[in-house]
Every structure is written in C-alpha cells, then in structure tokens.
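# Close look at the chain arrangement
The primary structure of each chain is shown beneath.
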Amino acid sequence: MKVKVQSFAGTDAADIELNDEVFGLDPRADILHRVVTWQLEKRRATARGTRERADVARSGKKLGRQKGGGVARHGDRRAPVFIGGGKAHGARVRDFNPSLNKKVRALGLKMALSSHAKAGSLIVMDALTVDGNKTKSLKGDLAKLGWGNRALVIDGDAVETSFALAAGNLREVDVLPAIGANVYDIIKADTLVLTRAAVEKLEARFNG
C-alpha cells in the first residue's frame, strides 16, 4: 500500500510503501472489542481491602447472658457496632486485570492501524518540526492539512520536541511515541498521523 508523505510546508515528498501485513488487514469488530476491553480493564485500580467481621482478631466470647441483663444481646466484640470491630460491607480487593493472548493484542493493534488506512484517515508526515515551538504556527499548518476534529500523532522513539510543545495547548491533538501506540487511542481518533520514524518502528515491532 502506497501513501503520500506530507509536510507542514504543503509539499508532498516521495510516496512511502506501507506493509500490508500491518496496514492492510480487514478490521474485525470482535478483535478490536476484546483488546479495548482488556486495555480499559487494565487501567482500573482496585480498592484497598478492609477487615470485615471474620477478619478481626477479637474475643468471640459472648458478652453477657441472653436475657435479664438489661442490655443488647451481643455475641462477641467483632460486631461492626463496636469500636475495633469488623467493617460492615467493607471494600474488597477485586481483580481487574484479565489476561489476553499477546497474539490477539498484536492483531488488534494491526487492525486498528488498518482501519485508518482503509478509511483514508491515515496521514504520513515527513517531519513534525514546528517553527518557534509556537501553537499559533501549528494551528495554521493544521488548518491547511485538515486533520479533523481529533487527531492522534505518533512519532518515533520520542515525540519531536517543538511539535510536543506547540501541540500541548491543542485539545484536538494527542501525541504519543511509537512505543505507546495502542488500540483505544487509535480508534478513538478521527485522523491517525504517523511520521516516517513511527512507520518504521511499528513495522519493526511486528516483524520481531
């Protein structure tokens, strides 16, 4: 698959050949759903567990006789009504880290990339350098390129410094290094923008 390489100057550089094994797959909703569900579950943090009645180390001896004492008929000091007793209906530790096969996760990422390539919302940039690190300058460039309402920009090992600084105030632009590419952020974006370095890193990631 060939894609034109664009630049902020408005001139098209030489075409780039994308690997069909990474950018040419037919997306499957079930695979994408499984990977997104796994990814969002991994983000969840569990509550710190509290000690309930069965977990408190206190005397289990009955406090007094059942009748005639003139007080409530308590069974032991572990009851939640006593100071130091167990917590009633306390928070429990829950497991929000389901497992998902690495092959399925890799396939999901390929399909997310392919979905943008097939929809025509994939843009490859020659470089991300912004003059003077200025947001105003970047906004003018984006208006010419037409990146849509929400764009995800993925660079190589690290996001180009001038672009990261200029895009920091733009809510419609998200930036990630290639190592941070993930299914949820990719399919959430209207436009996926990759640099040449990002394409090389992603293709190398799947080719071992």
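Quick notes on the rules
Residues numbered from 1 in each chain as written. Predicted model: local features only at pLDDT ≥ 70, side-chain atom pairs only at ≥ 80, totals over all residues. Heavy atoms only, no water. UniProt positions renumbered as here; feature names shortened; annotations may be inferred. Buried < 20%, exposed > 50% of the residue type's maximum accessible area, 1.4 Å probe, protein only. Helix = DSSP H or I, 4+ residues; strand = E, 2+ residues; numbered from the N terminus. Pairing = 2+ DSSP bridges. Patch = residues over 30% accessible without salt bridge, like charges linked within 9 Å, V, L, I, M, F, W, Y side chains within 5 Å. Areas by Shrake-Rupley, 256 points an atom, 1.4 Å probe, with all protein chains shown as cover. Salt bridge = Lys/Arg side-chain N within 4 Å of Asp/Glu carboxyl O. Lys, Arg positive; Asp, Glu negative; His and termini not counted. Charge placed at Lys NZ, Arg CZ, Asp CG, Glu CD. Phe/Tyr/Trp six-rings, centres within 6.5 Å; stacked < 30°, edge-to-face > 60°.

Taking an unreviewed UniProt entry as the reference, the protein is identified by name as Large ribosomal subunit protein uL4 belonging to Sphingomonas abaci. According to UniProt, the comment filed for the protein under the heading Sequence similarities (unreviewed entry) is "Belongs to the universal ribosomal protein uL4 family." Turning to the protein, the UniProt record has this under Subunit (unreviewed entry): "Part of the 50S ribosomal subunit."

### Describing the pairing of strand S5 (residues 151-154)
The alternating pattern of S5 places Ala-151 and Val-153 and Leu-152 and Ile-154 on opposite faces, both of which are buried. Pairing geometry for S5 and strand S6 (residues 173-176), over 4 bridges, is parallel. Bridged to Leu-152 within S6 is Asp-174. Bridging between S5 and strand S7 (residues 191-195) involves 4 bridges; their strand directions are parallel. Among the inter-strand pairings, Val-153 is bridged to a residue of S7, identified as Val-193.

### Some words on a negative patch on the surface
A surface patch of like charges, here negative, comprises Asp-15, Glu-17, Asp-20 and Glu-21. Here Glu-17 lies in strand S3 (residues 16-17). On the basis of relative accessibility, which here comes to 48%, the residue Glu-17 falls in the partly exposed class.

### Topic: the packing of aromatic side chains
Within the structure shown, the criterion is met by 3 aromatic pairs. Taking the centre distance of 6.2 Å and the plane angle of 40° together, the rings of Phe-8 and Trp-147 count as tilted. Taken as a pair, Phe-8 in the loop between strand S2 (5-6) and S3 and Trp-147 in the loop between helix H4 (135-145) and S5 lie far apart in primary sequence, 139 residues in all. Trp-147 carries the same exposure label as Phe-8, and that label is buried. Ring geometry for Phe-8 against Phe-163: centres 6.3 Å apart, planes inclined by 10°, an arrangement best described as stacked. A residue pair is termed long-range when its members are at least 10 positions apart, and Phe-8 in the loop between S2 and S3 and Phe-163 in helix H5 (residues 161-167) qualify at 155 residues. An identical accessibility class is assigned to Phe-8 and Phe-163; each is buried. A network of ring pairs unites the aromatic residues Phe-8, Trp-147 and Phe-163 as a single cluster.

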